[in-house]
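Here's the letter readout for the chains.
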Amino acid sequence: MAWFDSIGGNVFYTTRKESNRFELYQADPSGNDRLVWNTPVARVQVLNDQLLCLFDEDAEYGAVVLNGSGEPLLKVADPISRVFTSNEGILLQSARDASVKFIPFHKR
């Protein structure tokens, strides 16, 4: 296990697949842990009860935001070079053209 955290009672963790790539799983008390995303992730962090997954430049997506059940809420196609986070949302910089996008968190 390389990383783990919990959201809403669900535990997520990564295992090393390659040098800087990790598989993201959701732990299950029965031992049948679920692979959450088929593409290995480069980084994962918990923000506002959501998972922010970042991928290498050669992946299908640059970033994906998942809810506390591991279901996708947002997919960003461009590879991401920089990420800044706050309680208000996520600021992403594209590795392709250096453009910056702000993605606000939805109020509950």
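Check the entry above for the structure.
**Here we look at the overall build of the protein**
Item 1. Across its full length, the protein holds 0 helices and 11 strands.
Item 2. Beginning at the N terminus, the succession of helices and strands in the protein can be written as β-β-β-β-β-β-β-β-β-β-β.
Item 3. Computed over C-alpha atoms, the radius of gyration of the protein comes to 14 Å, within 12% of the 13 Å expected from 2.2 N^0.38 for 108 residues, which places it in the range of a compact globule.
Item 4. With the principal axes as the frame, the protein shows a C-alpha extent of 45 × 35 × 20 Å.
Item 5. Counting only residues that meet the buried cut, the protein has 37% of its 108 residues in that class.
Item 6. At a minimum sequence separation of 6, the contacts of the protein that also span at least 24 residues come to 25%.
Item 7. In the form shown here, the protein has an accessible surface area of approximately 6,500 Å², with 46% of it arising from carbon and sulfur atoms.
Item 8. Placing the 11 positive and 14 negative side-chain charges of the protein at their respective mean positions leaves the two points 4 Å apart.

Cut-off values and rules
Residues numbered from 1 in each chain as written. Predicted model: local features only at pLDDT ≥ 70, side-chain atom pairs only at ≥ 80, totals over all residues. Heavy atoms only, no water. Helix = DSSP H or I, 4+ residues; strand = E, 2+ residues; numbered from the N terminus. Rg over C-alpha atoms; globule rule 2.2 N^0.38 Å. Buried < 20%, exposed > 50% of the residue type's maximum accessible area, 1.4 Å probe, protein only. Contact = heavy atoms within 4.5 Å. Areas by Shrake-Rupley, 256 points an atom, 1.4 Å probe, with all protein chains shown as cover. Lys, Arg positive; Asp, Glu negative; His and termini not counted. Charge placed at Lys NZ, Arg CZ, Asp CG, Glu CD.

Don't take any of this as a statement about function, it's just geometry.
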